[in-house]
Amino acid sequence: MPKSKRDRPVTLSKTKKKGRVHKENVVNSIRDAVENYDSVYVFTFENMRNLKFKEFRERLKSSSRFFLGSNKVMQVALGRSVADEIGSGLHKISKLLRGDSGLCFTSLPKEEIQRLFDEYEDYDFARTGSTATETVELKEGPLDQFTHEMEPFLRKQGMPVRLNKGVVELVSDYVVCEEGKPLSPESARILRLLGIKMATFKLHLICRWSSEDFEVYKEGLEDSDVESS
């Protein structure tokens, strides 16, 4: 009886024993998932929020399993070429694990998975370095949304403010951020105080594999991206 590809030993990069054991556990878990679920998807994400993603995973816990982490480790688990893939065509999945991406193993119908991913999005406050989605400018005058205790903190953020009879007041117009430019730490803090959310946590399906077929969802991917090397 031929030996299963699933049982093929894996050689991972030299690392400390604890790290190596963790990687081997991830590889084995992914290979188990290939056998236990009907299909696997590659997905990417924007503005990852760990708590929100955990909630999304919990919604699908009974029917699906997610993997995030080192793309290289996930590629090793699936196989990076026809010669070492653990299922026919799985190396195509590996080739599309790039950047901020993960794997979703599931037994749900593909229409249901597509709907869940397409519909999901959550708004949050943007972090330092994120790109501003709009220009926010505060006009000279009183800032009634801030209490007088906030005045020293606002000054530390670079805002030209003063107290006028106990009211925080801008002494001149102030641009918090400009559309298309990265947010400074000060801009991110001020936007949070203003309650302005510019980050959208979003998931995007890239492709789907099952034992019967392989589909690429994201437009712009060339056939050469998924051809075997």
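Here's a quick rundown of the structure. Quantities reported herein were computed from a predicted structural model and do not represent experimental measurements.

## Some remarks on the pairing of strand β8 (residues 167-170)
Thinking step 1. As judged from the two bridges shared by strand β6 (residues 141-142) and β8, these two strands associate in the antiparallel manner. Within β8, the position partnered with Pro-142 by the bridge is Glu-169.
Thinking step 2. One ladder, built from four bridges, connects strand β7 (residues 161-164) with β8; its direction is antiparallel. When the sheet's bridge partners are listed, Arg-162 is paired in β8 with Glu-169.
Thinking step 3. Hairpin connection of β7 to β8: two residues between the antiparallel strands, including Lys-165 at a positive phi of 55°.

## Some remarks on the side chain of Glu-85
Thinking step 1. Within the secondary structure, Glu-85 sits in the loop between α3 (71-78) and α4 (90-95).
Thinking step 2. The buried category is assigned to Glu-85, whose relative accessible area is 5%.
Thinking step 3. In this structure the side chain of Glu-85 is engaged in a polar contact, spanning 3.1 Å, whose partner is the backbone nitrogen of Gly-89.

## Overview of the sheet that holds β7
Thinking step 1. Spatially, β6-β8-β7 is the arrangement adopted by the three strands of the open sheet, whose pairing is antiparallel. Two strands lie at the open edges of the sheet, namely β6 and β7, each paired on one side alone.

## Observations regarding the pattern of salt bridges
Close approach of charged atoms allows side chains of opposite charge to pair.
Thinking step 1. According to the stated counting rule, one finds 12 salt bridges in the structure shown.
Thinking step 2. A salt bridge links Asp-122 to Lys-52, with the shortest nitrogen-to-oxygen separation between them at 3.9 Å. Of this pair, Asp-122 sits in strand β4 (residues 121-124) while Lys-52 sits in helix α2 (residues 50-59), placing them 70 residues apart in sequence.
Thinking step 3. Salt-bridge contacts for Glu-112 lead to Arg-115; the nearest nitrogen and oxygen are separated by 2.8 Å. Here Arg-115 and Glu-112 lie together in helix α5 (residues 110-119), a separation of three residues that amounts to about one turn.

## Some words on the packing of aromatic side chains
Thinking step 1. In this structure the tally under the stated criterion is 11 aromatic pairs.
Thinking step 2. Seen from their ring centres, Phe-56 and Phe-117 are 5.3 Å apart, and the 85° between their planes marks the pair as edge-to-face. Here Phe-117 lies in helix α5 and Phe-56 lies in helix α2, a separation of 61 residues in the sequence.
Thinking step 3. Given the relative accessible area of 1%, Phe-56 is considered buried.
Thinking step 4. The cationic tip of Lys-197 hangs over the ring face of Phe-125; the distance from NZ or CZ to the ring centre is 5.4 Å.

## Observations concerning the layout of surface pockets
Thinking step 1. As a volume, the largest pocket reaches approximately 190 Å³.
Thinking step 2. In terms of lining residues, the largest pocket is bounded by 13 residues, among which His-22, Val-26, Phe-67, Leu-68 and Gly-69 are the most central.
Thinking step 3. Secondary-structure elements contributing two or more residues to the lining of the largest pocket are α1 (17-36), β2 (64-68) and α3.
Thinking step 4. Of the residues that constitute the lining of the largest pocket, the class distribution is six nonpolar, four polar and three charged.

## Considering helix α7 (residues 185-194)
Thinking step 1. For α7, the set of buried residues is Ser-187, Ala-188, Ile-190 and Leu-191. Down the axis of α7, the buried set is contained in an arc of 165°. They therefore lie on one face.
Thinking step 2. Contact partners of the buried residues in α7: β5 (136-138) and β9 (174-177).
Thinking step 3. Taken from the residues just after α7, Gly-195 is the one with a positive phi, measuring 75°.

Thresholds applied
- Residues numbered from 1 in each chain as written.
- Predicted model: local features only at pLDDT ≥ 70, side-chain atom pairs only at ≥ 80, totals over all residues.
- Heavy atoms only, no water.
- Pairing = 2+ DSSP bridges.
- Helix = DSSP H or I, 4+ residues; strand = E, 2+ residues; numbered from the N terminus.
- Buried < 20%, exposed > 50% of the residue type's maximum accessible area, 1.4 Å probe, protein only.
- Polar contact = N/O pair within 3.5 Å; in protein donor to acceptor, adjacent residues only side chain to side chain.
- Salt bridge = Lys/Arg side-chain N within 4 Å of Asp/Glu carboxyl O.
- Phe/Tyr/Trp six-rings, centres within 6.5 Å; stacked < 30°, edge-to-face > 60°.
- Lys NZ or Arg CZ within 6 Å of the ring centre and 35° of its normal.
- 1 Å grid on protein atoms, 1.4 Å probe; cavity = no way out; pocket = protein on both sides within 12 Å on 5 of 7 lines; lining within 4 Å.
- Points joined across faces, edges and corners; volume = space filled by probe spheres on them.
- Nonpolar A, V, L, I, M, F, W, Y, C, P; charged D, E, K, R; others polar.
- Arc of directions from axis to C-beta.
- Contact = heavy atoms within 4.5 Å.

Honestly, it's all geometry; don't read function into it.
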